[in-house]
Amino acid sequence: MKLITIKKAHNPAELMALKGLLEANDIPCFIKNENITQVMNYMVTFVAELQIMDADEERVRALLEEVEASTA
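What comes next is a walk through the structure. (Residues numbered from 1 in each chain as written. Predicted model: local features only at pLDDT ≥ 70, side-chain atom pairs only at ≥ 80, totals over all residues. Heavy atoms only, no water.)

### Topic: the environment of Ala-48
For clarity, the threshold we go by: The numbering of helices and of strands both runs from the N terminus, where a helix is a DSSP run of H or I of at least 4 residues and a strand a run of E of at least 2.
Along the chain, Ala-48 turns up in strand 3 (residues 48–53). When the C-alpha atoms of Ala-48 and Leu-15 are compared, they prove to be 8.2 Å apart, with 33 residues separating the residues in sequence.

Spelled out as structure tokens, the structure:
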């Protein structure tokens, strides 16, 4: 299995709510570059990435659609 990025942000805090949602639904994920973006936040080239296993992609997309539909 490989990791895929589902969302990017310059500030990893922007990804924390989504990470919590995924973990609450038993979907393992992690934020790539989380620490480096906190230390070097003044450099725009560093981007944090929320990553999941490629096998979970369909489940994650369905969950995100469900969340978007409930907030609209």
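### Some thoughts on the side chain of Glu-49
Formally: Each residue gets one of three labels from its accessible area relative to the maximum for its type: buried under 20%, exposed over 50%, partly exposed in between, using a 1.4 Å probe on protein chains only. The charge count includes Lys and Arg as positive and Asp and Glu as negative, but it does not include His or the ends of the chains. Throughout this description, the term salt bridge denotes a Lys or Arg side-chain nitrogen within 4 Å of a carboxyl oxygen of Asp or Glu. The contact criterion used throughout is that any non-hydrogen atoms of two residues lie within 4.5 Å.
As for its placement among the helices and strands, Glu-49 is situated in strand 3. This buried residue, Glu-49, is left without a salt bridge; Lys-32 holds the nearest opposite charge, at 4.4 Å. Excluding residues that lie within four positions of it along the chain, Glu-49 makes contacts with Thr-5, Lys-7, Lys-8, Leu-15, Phe-30, Ile-31, Lys-32 and Asn-33.

### Some words on the pattern of salt bridges
This structure, assessed with the given rule, holds two salt bridges. In this structure, the salt-bridge partner of Lys-19 is Glu-23, at a minimum N-O distance of 2.8 Å. Taken as a pair, Lys-19 and Glu-23 lie in helix 1 (residues 13–24) at a separation of four residues, close to a single helical turn. Overall, the relative accessible area of 17% leaves Lys-19 in the buried class. Judged by relative accessible area, which is 40%, Glu-23 ranks as partly exposed. A salt bridge links Glu-57 to Arg-61, with the shortest nitrogen-to-oxygen separation between them at 3.5 Å.

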